[in-house]
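Each chain, written out:
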Amino acid sequence: MSKRSILLGNEAIARGIVEAGCEIATAYPGTPSSEILPAVAAYSDQLGTKTAVEWGANEKVAYEMAVSASFGGKRTCCIMKQVGLNVAADPFMSTAHFDLKGGFLLVVSDDPGPHSSQTEQDSRYFAMFAKVPCFDPSTAEEAKEMVFDAYDLSERHGIVTMLRPTGKVDHARQDVPLRDEVLPPKKDEFKKDPKRWVCLPAGVRVNHPRLNDKNDVIRNEFEKDYEKYNYIVPAKGTARLGIIAGGTTFAFLSDMIRTSGRDDIEILKIGTPVPLPVKLCEEFIARHEKVLVLEQTYPVIETQLNDRNKIMGRWNGFVPRAGELLPELIEEIIAKCLGDEVETSIDEDVLSAMEEMQITPRPPMLCPGCPHRASFFAIRKALPKAITPSDIGCYTLGIMQKGIDSAIDMGAAVTAASGFYLASKVDGEERPVVATIGDSTFFHSGLTGLASAVYNRHAFVLAILDNRITAMTGGQSSPNVGAKLRKGDQGVQIDLEQVCRGCGVSYIKTVEAYDVDENVDVVKDAWAYAWENKEPAVLIFKHPCITILKEPPTPRPVRMDPEVCIGCKYCITSFNCPGLVFDESSKKAYIDERYCVNCGVCMSVCPHGAIVLREEA
Amino acid sequence: MQFVIVGTGGQGILFASKALGHIAMEKGRSVVGSEVHGMAQRGGSVVSHFKVGEYLSPLVKVGEADVLLAFDQNEAVRNLHYLRDGGTLVVNLYDPKAFQNDRLQSSLDRRKIEVHPIEGYSILKEHMGGRFLFLNVLILGAMCGAGVGGVSVDEMNQAISDLAPPRFVEENLKVLKLGHEAAR
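Residues numbered from 1 in each chain as written. Chains lettered and ligands numbered in written order. Predicted model: local features only at pLDDT ≥ 70, side-chain atom pairs only at ≥ 80, totals over all residues. Heavy atoms only, no water.

- For chain B, an unreviewed UniProt entry supplies the name Pyruvate ferredoxin/flavodoxin oxidoreductase and the organism Dethiosulfovibrio peptidovorans DSM 11002.

- As annotated in an unreviewed UniProt entry, chain A is Indolepyruvate oxidoreductase subunit IorA from Dethiosulfovibrio peptidovorans DSM 11002.
- Under the Catalytic activity (unreviewed entry) heading, UniProt states for chain A: "indole-3-pyruvate + 2 oxidized [2Fe-2S]-[ferredoxin] + CoA = (indol-3-yl)acetyl-CoA + 2 reduced [2Fe-2S]-[ferredoxin] + CO2 + H(+)".
- Listed in UniProt under the heading Function (unreviewed entry), the comment for chain A reads: "Catalyzes the ferredoxin-dependent oxidative decarboxylation of arylpyruvates." (UniProt positions renumbered as here; feature names shortened; annotations may be inferred.)

## Quick notes on the UniProt feature "binding site: [4Fe-4S] cluster 1" (unreviewed entry) in chain A
Residues and elements named next belong to chain A.
Then step 1. With numbering aligned to this structure, UniProt lists the feature "binding site: [4Fe-4S] cluster 1" (unreviewed entry) at Cys565, Cys568, Cys571 and Cys606. Their sequence span is 42 residues, while the largest C-alpha to C-alpha distance among them is just 10.3 Å; these annotated residues converge on one region.
Then step 2. Within the secondary structure, Cys565 sits in the loop between β18 (558-560) and α21 (570-575).
Then step 3. On the basis of relative accessibility, which here comes to 8%, the residue Cys565 falls in the buried class.
Then step 4. If sequence neighbours within four positions are ignored, Cys565 has contacts with Met560, Lys588, Ala589 and Ala610.
Then step 5. Within the element layout of this structure, Cys606 appears in the loop between β20 (588-591) and β21 (611-613).
Then step 6. A residue is classified by how much of its surface remains accessible, and Cys606, at 16% relative accessible area, is buried. (Helix = DSSP H or I, 4+ residues; strand = E, 2+ residues; numbered from the N terminus. Buried < 20%, exposed > 50% of the residue type's maximum accessible area, 1.4 Å probe, protein only. Contact = heavy atoms within 4.5 Å.)

## Things to note about unusual backbone geometry
All names here are of chain A.
Then step 1. Between Val274 and Pro275 the backbone carries a cis peptide bond, its omega angle lying at -10 degrees.
Then step 2. Within the secondary structure, Pro275 is located in the loop between β11 (265-270) and α12 (278-286).
Then step 3. A cis amide bond links Gln296 with the next residue in sequence, Thr297, at an omega value of 5 degrees.
Then step 4. Along the chain, the position of Thr297 falls in the loop between β12 (291-294) and α13 (300-303).
Then step 5. Here the phi dihedral of Lys534 falls at roughly 50 degrees; this positive angle occurs in a residue that is not glycine.
Then step 6. Within the secondary structure layout, Lys534 lies in the loop between α20 (516-533) and β17 (537-542).
Then step 7. What makes Lys534 partly exposed here is its relative accessible area of 26%.

## Remarks on helix α10 (residues 201-224) of chain A
All names here are of chain A.
Then step 1. Along its 24 residues, α10 runs 35 Å from first to last C-alpha, staying within 8% of the 34 Å computed at 1.5 Å per residue.
Then step 2. Of all the bends in α10, the largest measures some 30 degrees and sits at Asn207, one to four residues before the proline Pro209.
Then step 3. Inspection of α10 places Asn207, Leu211, Lys214, Asn215, Ile218, Glu221, Phe222 and Glu223 among the buried residues, and these make up the whole buried set.
Then step 4. The inward-facing, buried residues of α10 abut α5 (89-97), α6 (123-130), β6 (134-135), α7 (140-157) and α12. (Expected span 1.5 Å × (residues − 1). Bend = angle between axes of the 7 residues up to and from the residue.)

## Thoughts on the packing of aromatic side chains
Each pair of aromatic rings is reported with the distance of its centres and the angle of its planes.
Then step 1. Per the counting criterion, the structure on display carries 22 aromatic pairs over all chains.
Then step 2. Linked through ring pairs, A:Tyr63, A:Phe92, A:Phe104, A:Phe126 and A:Phe129 together constitute an aromatic cluster.
Then step 3. A cation over a ring is seen here: A:Arg258 above B:Tyr55, with NZ or CZ 5.0 Å from the ring centre. (Phe/Tyr/Trp six-rings, centres within 6.5 Å; stacked < 30°, edge-to-face > 60°. Lys NZ or Arg CZ within 6 Å of the ring centre and 35° of its normal.)

Here it is in C-alpha cells:
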C-alpha cells in the first residue's frame, strides 16, 4: 500500500471492487452512484482483470444478473442509487433469504438533501427490512476499505452485504491508498441444488430462521471484531456530551472538533449500523448523561436501541427529522444540546445587497440547446390544454417550461398517461394526454406500461425524447444506442420504432426535435389518431444531447431585434433557455452570449419574430 | 487551507479543484473536497469545496473558507458566507460596476474581506477570441496573482501543463498569465 491518488469517492469504491476480485459488476446509472461502474471498467483494464461490466436496463435486471452470477462462487456486485433499490426490492428481499456462495455486494448510494432524487429515503432501513448487514462509510477512503470487509462477510456468512455511501462520500475527492495486487479470481462452480437456489414458500421455514441466526452472529462480530469501523474518539477534556455518529456526520463532526478546538465531546463512531452493535452503544450511553445520535438520514441507529430515554436524535425530533445534516446544522444542534449560544451566520447586509442587486436563486433548467426544450415547446403549442405526465431524467426540468404535470418515478410517464386517460374516459370527455419519457427511461420501465396501454386501449400520445444518451446521470448509453460501457464494446442496437411496433403500437413517427414548427402539427395529428382509434400513438423526438456532440452542429447564431421585441417575456416563460434574458432597464429580452449555443431554435418561439438570424454567420 | 469554488455548470469549476489537488499532492499534502451541485445541467449553480491538510469531511463549514474563487459575480455574493473574516475573494465580474453596492461593501469591509475582481469575459474576448472555456485557468491565474491560496504561479504553471489536454497546454498557459497579471 504505497501509492496514494486523488480519487472521486465513487472511483475509490470502484477501485476497491476491482482490487477485491469482483468479476461481474452491474448497475443502472443514478446520481450519486453513476460514476462507480465506469470506474470499475477503467480499473479492471488498468489492473488487467477480466471483470465483466454491464448496465442493466433497470436496477432489478442488474441486481438479478449480478446476484445469480455469484451462485457459483464468484465475487460480484450491483450498484444503484436509493430509489433504484425500490425497483430492485423484489430480488433484494428474496436473495436476502438465500444461503449465498460467492461474495455478493450491493452498493446503494443515498442522496440526503436530496440533491437529485425524488425521495430522501435511507437504504439502511432497507437493509434492516431485508435483515442484511450494512456498512456506512464516513469517507471515500473508508468506503474503499469497507468493500473488502463486505465481501469477506458476505462469503463467510453466505449473505448479501450492503455498502451504503451517501452523496458526500460518492462525490468527495480525497487522496486514497491504492493496492497494486488484485485478489485472485474464483472459478465458477455452480452446483444444481434447487433447495438452495429456487425461491419457494416451503423454503422460508428454513431460510428465515437461518437469516435470523446469521444476524445474531454478525451483530456479535460487529460488537467485537470491527473496531476499525466502530470505535470511540475520546474527548480531549471532560466530556459533557456523548455523540453516536455514523456516515458523513462523523467526518463533519471530526473536522469541527479539530478546527474549533472543542474538548468536551466524546464520540462513538458506528460504521456498521445494521445489525447495530447494540452492546457497544449501550455501554457508551451508560457512561454519559446526555447522548446525541447524528446519522444520515433516518433514525436507523436510534430505533435499534432498546432504551431511548436519554437519547436526543431524529426519532424524538431533537434533530430535524428530514434533510441532510451539514456541518453548520450539526454545530447548531450540539449548541442546543449543551445550552450554548449559537452565532448566526446570517449577514443582513448581504441579504439586502442581494435584493438590491436582484440576485435570485438559479433554478435548475435544461441546458441551452437541449432538444427536450424544443420538444416541450412544440407539444405545449400543439395542445395547450393537454395533460402532460412525464418521467425521471433531464426532462423533469421541463417543469420550468410548464411542460410537465406529473412525475412519480421511472416509467410512470406511460402509466400515468393511462391513468389520466381512464379518469377522462369515465367522464366521457376528450382531454388530450401527451406523456414524455427519455429513451433510457423507456427501456428502464416504460415498456411494460406501454404494453399494458396498448392491450387496454388507452388513448394518449407517448413522446419518447430520444437524445441518444442517459444524460442527467452523466451520459451512459442505453439499448437504443447499442454502445456498451467499455470503449469499443458494441452491443446490439434496439430500434425504438420496432420495439413500439412489437408492443402493438400502430402509429409511430420519428421526428427531428429541433423542427419546432413542423412538430406542432405532428403532435396534433398523433393525438387525433390516438383519440379516434383509442390506442396510444408514439412520437420519437430525436436529437442528440448537446453534451455528447463531438462537433457542434451548423451554428444558427441569433440576435434579438430590439425594434421588434415588445418585452412580453413569452420566450422566457415558455421556452426558458439560459441564453434568453430580460433586461429590466430597457424592458426587452436579449440573448446572453455567455450561455447561447447558437442552436437557433428560439427563432420559432417569438410570436413577433423578434429573434432573427445574425448576419455574420 | 480551505477553498470554496463557485460558479455555474459548464464553466470548468471541477478542473480548478483538480489543479489545486494536483499541486497539494505534489507537495505530499492530504486533500479532501466535494462537488455540490443540483441536477446536472449547464448553467445551474455549482459549488466545489476543497481542503488541504488533515481533514476528513469534504465540506467547508460556513465561515471557514480562506479563499472563495467565484466564476460568477452573483454566485460570489450568494456564497460569501463561506468565507472566514479576513478571507479572500477572487471574483469574475461581467459587470465591472456589479460590486458597487453600499450594503455589500459594508459587509466586505466589516469582515475585512480582500476582494480581487477580474473582468474575465472581457479579457477572454480581447485575448482569446471569446473562448470562455478558459475562464477556469484565468481565475486560477488571478488567484496566484493575488498571492493567496498558498500556491505560486510556477506551481500552477506546472499543474496546468500536467493536467491540460496536450494540444491546449500552450493556450492555457497564456490564459494563466493573463489572469496572473489581471489580479496583481
